[in-house]
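An overview of the molecular structure
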Amino acid sequence: MGYFTISDLAQEFHVSTRTIRYYEERGLLAPIRTESGQRLYTKKERAKLKLILRGKRFGFSLEEIHEMIALFDEDRTGKKQLEKTVEYGRKKIKEVSERIDDLLKLKAEMEALLSDFEKRLREWEDRAE
């Protein structure tokens, strides 16, 4: 069975070794330890890290990610994990949509203010001439 060192994974996924150790501390990863204490990661642990990083990129909390990963160990069919992932995914899409709406409103307000400021500046420059 091929193993990966923490440095291998850090390099592959462009994260620090500290990040990987943090995920271990949080119970998301469980590497094998050699007699000298070196961490060795199986293909399964590598896959978990990939899921953790993907989940973080999509804005899931570590608690949500932990629950989704744990569900696979609980139900090897993957059905429970998929159901939870769909539930969290719908929730996350709703949050993203709300943020987009808020940002579009903010953009419109900023454009209106900028337009008003530009108009005032032109009026000021016209009076100065």
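Residues numbered from 1 in each chain as written. Predicted model: local features only at pLDDT ≥ 70, side-chain atom pairs only at ≥ 80, totals over all residues. Heavy atoms only, no water.

Going by the annotation in an unreviewed UniProt entry, the name recorded for the chain is Mercuric resistance operon regulatory protein MerR, with Geobacillus thermodenitrificans given as the source organism.

With respect to the packing of aromatic side chains
Aromatic ring pairs are described here by two measures, namely the spacing of the ring centres and the angle between the planes. The test is simple: Between the rings of Phe, Tyr and Trp (Trp by its six-membered ring), a pair exists once the centres lie within 6.5 Å; its type follows the angle of the planes, with under 30 degrees stacked, over 60 edge-to-face, and the other angles tilted. Strands are runs of DSSP state E lasting at least 2 residues, helices are runs of H or I lasting at least 4, and numbering of each runs from the N terminus. Charge-over-ring contacts are defined here by two conditions on Lys NZ or Arg CZ: a distance within 6 Å of the ring centre and an angle within 35 degrees of the ring normal.
Counted under the stated rule, the structure contains two aromatic pairs. Between phenylalanine 60 and tyrosine 88, the ring centres sit 6.4 Å apart and the planes meet at 55 degrees, which makes this aromatic pair tilted. Within this pair, whereas phenylalanine 60 is found in the loop between helix 3 (43-57) and helix 4 (62-74), its partner tyrosine 88 is found in helix 5 (residues 79-128), the two being separated by 28 residues in sequence. For the cation-ring pair, arginine 46 lies above phenylalanine 4, with the distance from its terminal atom to the ring centre recorded as 5.9 Å. Here the basic side chain of lysine 84 rests over the ring of tyrosine 88, its NZ or CZ set 5.3 Å away from the ring centre.

A word on helix 5
Under the convention used in this document: One less than the number of residues in a helix, times 1.5 Å, gives the span that helix is expected to have. To sort residues, take the accessible area from a 1.4 Å probe on protein chains only and compare it with the maximum for the residue type: under 20% means buried, over 50% means exposed, and anything in between is partly exposed. Residue contacts are counted whenever heavy atoms from the two residues lie within 4.5 Å of one another.
Under the 1.5 Å per step criterion, the end-to-end length of helix 5 is 72 Å for 50 residues, consistent within 8% with the ideal 74 Å. Burial in helix 5 covers these residues: Gln81, Lys84, Tyr88, Gly89 and Lys92. Close packing links the buried residues of helix 5 with helix 4.

Considering a negative patch on the surface
For clarity, the threshold we go by: Patch building starts from residues that exceed 30% relative accessible area and form no salt bridge, then joins like charges within 9 Å and nonpolar side chains (Val, Leu, Ile, Met, Phe, Trp, Tyr) within 5 Å. Per-residue accessibility takes into account occlusion by the displayed protein chains alone, with areas from the Shrake-Rupley method and a 1.4 Å probe. Salt bridges, as used here, are contacts in which a Lys or Arg side-chain nitrogen is within 4 Å of a carboxyl oxygen on Asp or Glu. His is not counted, nor are the chain ends; Lys and Arg add positive charge and Asp and Glu add negative charge. The atom standing in for a charge is NZ when the residue is Lys, CZ when it is Arg, CG when it is Asp and CD when it is Glu.
Taken together, the side chains of Glu123, Glu125, Asp126 and Glu129 define an acidic patch exposed on the protein surface. As for its placement among the helices and strands, glutamate 123 is situated in helix 5.

A word on the UniProt feature "domain: HTH merR-type" (unreviewed entry) in the chain
As a reminder, the rule being used: UniProt positions are given in the numbering used here, feature names are shortened, and annotations may be inferred rather than shown by experiment.
UniProt records the feature "domain: HTH merR-type" (unreviewed entry) at residues 3-71, using the numbering of this structure. Helix and strand shares over residues 3-71 are 61% and 10% respectively, and the end C-alpha atoms of the span are 24 Å apart.

Describing the pattern of salt bridges
It is possible for side chains bearing opposite charge to pair when their charged atoms get close. In this structure the tally under the stated criterion is 15 salt bridges. Arginine 46 is the partner of glutamate 12 in a salt bridge, and the nearest nitrogen-oxygen pair spans 2.3 Å. A residue pair is termed long-range when its members are at least 10 positions apart, and glutamate 12 in helix 1 (residues 6-13) and arginine 46 in helix 3 qualify at 34 residues. Here arginine 26 makes a salt bridge to glutamate 63, at a shortest N to O gap of 2.6 Å. Pair noted here: arginine 26 is in the loop between helix 2 (17-25) and strand 2 (32-33) and glutamate 63 is in helix 4, with a separation of 37 residues, a long-range link.

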